[in-house]
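Secondary and tertiary structure notes
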Amino acid sequence: MKNLKLVVRETIQSTVVNVSGIEVGKDFVVIAGPCSVESEKQILETARAVKAAGANMLRGGAFKPRTSPYSFQGMGIRGLKILEKAKQETGLPIVTEVVDPRDVSWVAEFADVLQIGTRNMQNFSLLKEVGNSGRPVLLKRGMYSTLEEWLNCAEYILSEGNPDVILCERGIRTFETYTRNTLDLSAVPAIKELSHLPIIIDPTHSTGRLSLIASMSMASVAAGADGIIVEVHSNPEEALCDAEQALTPDIFSKMMKRLRPLKSFLNNLPTD
Ligand code: PEP
Ligand code: MN
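Here is what the cut-offs are and how they apply
- Every chain is numbered independently, its residues counted from 1 as its sequence is written.
- Lettering of chains starts at A and numbering of ligands starts at 1, both following the order in which they are written.
- pLDDT decides what is reported in this predicted model: residues at 70 or higher carry local features, side-chain atom pairs at 80 or more are listed and counted, and totals for whole chains, interfaces and linings draw on all residues regardless.
- Side-chain metrics rest on all non-hydrogen atoms present in the structure, leaving aside hydrogens and water.
- In this description, a nonpolar core means a group of buried Ala, Val, Leu, Ile, Met, Phe, Trp, Tyr and Cys residues linked to one another through side-chain atoms lying within 4.5 Å.
- Think of it in three bands: with a 1.4 Å probe and only protein chains considered, a residue is buried below 20% of the maximum accessible area for its type, exposed above 50%, and partly exposed in between.
- The contact definition used throughout considers only heavy atoms, calling two residues in contact when any of these lie within 4.5 Å.
- Aromatic contacts are taken between Phe, Tyr and Trp rings whose centres are within 6.5 Å, Trp giving its six-membered ring; a plane angle under 30 degrees counts as stacked, one over 60 as edge-to-face, and the others as tilted.
- To qualify as a helix, a DSSP run of H or I must reach at least 4 residues; to qualify as a strand, a run of E must reach at least 2; elements of each kind are numbered from the N terminus.
- Two limits define a charge over a ring: the Lys NZ or Arg CZ must be within 6 Å of the ring centre, and within 35 degrees of the ring normal.
- What makes a residue near a molecule or strand is one non-hydrogen atom of that residue sitting within 4 Å of it.
- For the purposes of these results, a polar contact is taken to be a pair of N or O atoms within 3.5 Å, where, inside protein, one atom must be able to donate a hydrogen and its partner to accept one; residues adjacent in sequence count only when each atom of the pair is a side-chain atom.
- Per-residue and other accessible areas were derived by the Shrake-Rupley procedure at a 1.4 Å probe size, with only the shown protein chains allowed to occlude residues.
- Throughout this entry, Asp, Glu, Lys and Arg are counted as charged residues, while Ala, Val, Leu, Ile, Met, Phe, Trp, Tyr, Cys and Pro are counted as nonpolar. The remaining residues, Gly among them, count as polar.
- As a per-residue quantity, pLDDT reports the predictor's confidence and falls between 0 and 100.
- Excluding water, the donors of a metal are its N, O and S neighbours within 2.8 Å, or within 3.2 Å for Na, K and Ca, and that exclusion means sites may look incomplete.
- Each salt bridge in this description consists of a side-chain nitrogen of Lys or Arg and a carboxyl oxygen of Asp or Glu lying within 4 Å of one another.

Nonpolar side chains in soluble globular proteins tend to end up buried together. Counting 65 residues, the largest nonpolar core has L58, L139, W150, L167, F252 and L259 as its most contacted members. For F252, the contacting residues outside a window of four places in its chain are V30, A32, V50, A53, A55, V230, V232 and L247. Residues V24, I31, V113 and I229 belong to the second largest nonpolar core, which totals 14 residues.

In structure tokens:
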């Protein structure tokens, strides 16, 4: 890891990223919401439900980097305005993806956290732009990337003068096909060893299976993650994107009732 300067851990001090008073890296953060913004009704219903269940931030993509050019690409600015409305009503900060360097400055006006997706992790001009955006960045791990490559991408953002990077492990490609990706949970303690940046887990895209999301969320807490980002849809059967992996508000709420107590239990364990 010889070229890394700013992301490497040199002291025991960890970075805390403040998002409207939510301290990522200190408090356990839960970011929840649909894959994509589809309508005002869908976002407002989902935002109310995840807030009631104890989520700290609302996620939702207005720009979707899809594998097929014929799949739904997102609502763009109309989607961002809907997210803004949900924020006004619920107070939940917004996490939303930006895919094009030309869009960063205006998307940053709507986003409390700018998400860089797995397919764009090494889009260096995009990394430079978000490094100058004045907004915290959620940097997802490239699905084919090593920890070193990932940390180099965080280094790009920090070297532009933006210290507020949250890493997100979202699963990597392996030979396994039962799950959509393979969740590399060891990335959590490994990143903690190497870097001072906070790291959260995406149990949704890493598994792609509803039945595995609660277990992997609990495992994320146990591995020492600083939070999770999880897909929840008010009506998953109608979802235009990633319908098969979206939690219903009811399942999400049940999961949350187990997650926070697990975190408190672990906090009270002896450290050595
Ligand atoms: C997402 O979070 O909606 C997403 C597209 O994730 P990823 O970039 O990890 O596939
Ligand atoms: Mn998705």
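Read on for the rest.
The subject of this paragraph is the packing of aromatic side chains. Applying the stated criterion across every chain yields a total of 2 aromatic pairs. Ring centres of F63 and W106 lie 5.9 Å apart, and the angle between their planes is 75 degrees; on these two criteria the pair is classed as edge-to-face. Of this pair, F63 sits in the loop between β4 (57-59) and α2 (77-90) while W106 sits in helix α3 (residues 104-107), and the two are 43 residues apart along the sequence. On the basis of relative accessible area, W106 is assigned to the partly exposed category, the value being 27%. Ring plane angle 25 degrees and centroid distance 4.6 Å describe the contact between F124 and Y156, whose orientation is recorded as stacked. With F124 in helix α4 (residues 124-131) and Y156 in helix α5 (residues 147-159), this pair connects stretches of sequence that are 32 residues apart. The ring of Y178 carries R209 above its face, with NZ or CZ at 3.6 Å from the centroid.

Another point: the site of ligand 1. All residues adjacent to ligand 1 are C35, R59, K64, E97, Q115, G117, T118, R119, K140, R170, H205 and E231. Within the side chain of K64, an N or O atom sits 2.8 Å from an oxygen atom of ligand 1. A distance of 2.6 Å separates an oxygen atom of ligand 1 from a polar atom in the side chain of R170. Here ligand 1 loses 97% of its free accessible area of 290 Å² to cover by the protein chains. Each residue belonging to the shell around ligand 1 can be placed in one class, and the counts come to 1 nonpolar, 4 polar and 7 charged.

A low pLDDT means the predicted coordinates there should not be read in detail. Across the protein, the average pLDDT comes to 97, with 100% of residues at 70 or higher. At the low end of the mean pLDDT range in the protein sits helix α9 (residues 249-267), at 97; at the high end sits strand β8 (residues 165-169), at 99.

Each protein donor to the manganese ion (ligand 2) is listed here as C35 (SG), H205 (NE2), E231 (OE) and D242 (OD); together their distances run 2.0 to 2.4 Å. In terms of primary sequence, the donors binding the manganese ion (ligand 2) are separated according to C-x169-H-x25-E-x10-D. Here the residue H205 occupies a position in helix α7 (residues 203-207), and D242 occupies one in the loop between β10 (227-231) and α9, the gap between them amounting to 37 residues. Each of the two residues, H205 as well as D242, counts as buried.

Attention now moves to the pattern of salt bridges. Charged atoms that come close allow side chains of opposite charge to pair. In this structure the tally under the stated criterion is 13 salt bridges. E40 is the partner of K85 in a salt bridge, and the nearest nitrogen-oxygen pair spans 2.8 Å. Here E40 lies in helix α1 (residues 40-53) and K85 lies in helix α2, a separation of 45 residues in the sequence. Under the relative-accessibility criterion, K85 is labelled partly exposed at 40%.

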